[in-house]
Amino acid sequence: MEFDSSATASASSRGSTEEDFPSPRSSFLCSVDGELLVDPVSVSCGHSFERKAVEEHLRLGNYWCPECSKELSPTEKLTPNVSLRFYILEKKQRDAVKKLRLADSLLSSTDLECVNRALEDLKDAMMEIPSCIAKAKEDKVLRYLALLLKKSLGDTRAVLSCLLLIARFSDESKETMGTTGVIRCLTKLLRGAEPEIYALEILLELSKKDTIADKIGNDPNSIPTLVSLLNYPTAEIAEMARGVLENLYRVQFAIMMGKCGYLSPFLEHFCQEAENSVETRASMADELARMKLTETAARSLGNDQFVTSLTELLNSGSVSSRSSSLQCIKQLMAFREFQSRFLSNEFAIPALIGLITVAPDQLLMQEVVEIIVALIQISQHKDHQNNPGLQVLYSSNTIKSFLLQIETSGYQGQISLLKLLQIIVQKSDTARQWIKSKLGSMNFLFSALKLDQNDGVRLQVLKLIYYIAGTDINDMIFLPPSPAKDSFVNYLIAILTHSSVEEERSAAAGIIGYLLISDHSIGNSTSCINFSFKCSQMAPALLLSSTPPSLFPIWLVAAGFPQHQ
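Residues numbered from 1 in each chain as written. Predicted model: local features only at pLDDT ≥ 70, side-chain atom pairs only at ≥ 80, totals over all residues. Heavy atoms only, no water.

1. As for unusual backbone geometry
Now for step 1: Positive phi outside glycine occurs at Ser69, with the angle close to 70°.
Now for step 2: Within the element layout of this structure, Ser69 appears in the loop between helix 2 (51-59) and strand 3 (79-80).
Now for step 3: Although it is not a glycine, Ser152 sits at a positive phi angle of roughly 55°.
Now for step 4: Inspection of the secondary structure puts Ser152 in the loop between helix 6 (141-150) and helix 7 (156-169).
Now for step 5: For Ser152, a relative accessible area of 57% gives the class exposed. (Helix = DSSP H or I, 4+ residues; strand = E, 2+ residues; numbered from the N terminus. Buried < 20%, exposed > 50% of the residue type's maximum accessible area, 1.4 Å probe, protein only.)

Right under this line is the structure:
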């Protein structure tokens, strides 16, 4: 569609003149307020006035006709002048249609002055006679308006005023506008330093129609632009932008808003379990895990209902859903607000514990353990007594389950679970005491230590036994009877004297030091006497070496040096 230069000459020959659009005759004007009659009423002398104007005239005590000065009654009866009203309305309609036709020809003109005059005439016609809006929609007027907007021709505010009137007229009008490319132009007008409020008002009106709301949401620039306006200093603009976004109710639009930093619609959709399937929520969790969130945006995720819905995905029967939920939780654990909410949720830790037993691969188990470890590390001492999830984690049933899981897991799974148990026994004395007092549990660890030749697993088992031993020498570890006990001690001595891994030697030294002090029968064994002799020879060199200072007392006791208070 091109603008027609001949339209200017053609329109000019007809002109928007007084002859075409004569001013209302004096009989059409109210002699009281000078305005065009809208609701004309007659008084007893036969003259007509605007109802509100003559009522005010009489209320002020002016009991005479403003036209002929004839006396009127204080209770003067006002009779509607139906014929005059109809005639004025008919005249306005005829004038509006003329304006509309002339505007139709002038809008395609290359003369911007003519275009702007046509826009004003068009706006006046549609405001006065709503039926002209339907006519404008049916004719070429709407497409001319869209073209003016695309090419930034004419008075933009006048174009937008006309489009707003058309958008408000009917849903059918909105549908027609949705096919003209107006949406992209409106979005463009919102991206400047001073967003055009009329453009935003039109988008708000269009978004009330579902099919047009989809077109707005699918425009690649609409949602980012609208989200950016949520923090605009002018409250009216911010609220209208929020109103448009609320009308874009589809899940994919909520995800796009989340990517732009506006997470409220995302959370609302995610928590609507009745409307969204497990697969939909899993897909949303997967998208959330990929979002680059700021601390401010993530603050809204500290929502109990959201945390519960996310946790429920961990219990779903779908492997992909569990994985998506886990990846999302892992991402959100970087934010303090989510950490505290997730830790306090009574279903969160039990769901993670349950996932360990059904993890389809070692990597997934490792990720679950990392999350549990992070939760333990941020917990406070009071949480260990009051938090239901931590109480489940530190229970004997959970500890027993983890020990059994170690036996059946692969290398990475064993490493992960052993590290988790190390954290647990350091945080929970109840869990530590339970393992320490159960001969079966300790025998399992002793067996794992002797039979597994993998340095990584052996080191983690040594560390776990070291943390279980603790610092209370009056609290003995339940060891198997000799000769199994001697065999275990000899193995520890072999690690201490021959291992090339410093952490293994340190852990073995700590365990032996504890056993020598707490179990005198071990100290009297031949192997330990020989070990003490070796330690007495090695002690001076160890004091000058890189051996951790915390192990010096253990080495000195093993070497027979007296303890100092």
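2. Quick word on helix 7
Now for step 1: Under the 1.5 Å per step criterion, the end-to-end length of helix 7 is 20 Å for 14 residues, consistent within 8% with the ideal 20 Å.
Now for step 2: The set of residues buried in helix 7 consists of Ala158, Val159, Leu160, Ser161, Cys162, Leu163, Leu164, Ile166 and Ala167.
Now for step 3: The backbone nitrogen of Arg157 lies 3.1 Å from a side-chain oxygen of the residue at the head of helix 7, namely Asp155. (Expected span 1.5 Å × (residues − 1). Polar contact = N/O pair within 3.5 Å; in protein donor to acceptor, adjacent residues only side chain to side chain.)

3. Structural notes on the packing of aromatic side chains
Now for step 1: Tallied over the entire structure, the rule returns six aromatic pairs.
Now for step 2: Between Phe338 and Phe342, the aromatic rings sit 5.4 Å apart at their centres with planes inclined by 20°, giving stacked as the arrangement. One end of the pair is Phe338 and the other is Phe342, both in helix 20 (residues 336-344) and four residues apart, which spans about a single turn. A single burial state applies to Phe338 and to Phe342, both of which are buried.
Now for step 3: Of the aromatic side chains, those joined through ring pairs into one cluster are Phe266, Phe270 and Phe306.
Now for step 4: Sitting above the plane of the Tyr198 ring, Arg157 keeps its charged end 4.5 Å from the centroid. (Phe/Tyr/Trp six-rings, centres within 6.5 Å; stacked < 30°, edge-to-face > 60°. Lys NZ or Arg CZ within 6 Å of the ring centre and 35° of its normal.)

4. Focus on the confidence of the model for the protein chain
Now for step 1: With 82% of its residues at a pLDDT of 70 or more, the protein chain shows a mean pLDDT of 81.
Now for step 2: Ignoring residues within four places in sequence, the model shows residues 1-24, a span with pLDDT below 50, making 46 contacts including any to other chains. (pLDDT = per-residue confidence, 0-100. Contact = heavy atoms within 4.5 Å.)

5. What about the pattern of salt bridges?
A side chain with one charge can pair with a side chain of the opposite charge if their charged atoms come near.
Now for step 1: Per the counting criterion, the structure on display carries 21 salt bridges.
Now for step 2: Between Glu287 and Lys259 there is a salt bridge whose closest N-O contact spans 3.4 Å. Pair noted here: Glu287 is in helix 16 (residues 278-290) and Lys259 is in helix 14 (residues 251-259), with a separation of 28 residues, a long-range link.
Now for step 3: The class for Glu287 is partly exposed, based on a relative accessible area of 21%.
Now for step 4: Classification of Lys259 as exposed rests on a relative accessible area of 52%.
Now for step 5: The salt bridge involving Glu367 is made with Lys330; its shortest N-O contact spans 3.7 Å. Taken together, the residues Glu367 in helix 22 (residues 362-378) and Lys330 in helix 19 (residues 319-332) connect sequence positions 37 residues apart.
Now for step 6: For Glu367, a relative accessible area of 11% corresponds to the buried category. (Salt bridge = Lys/Arg side-chain N within 4 Å of Asp/Glu carboxyl O.)

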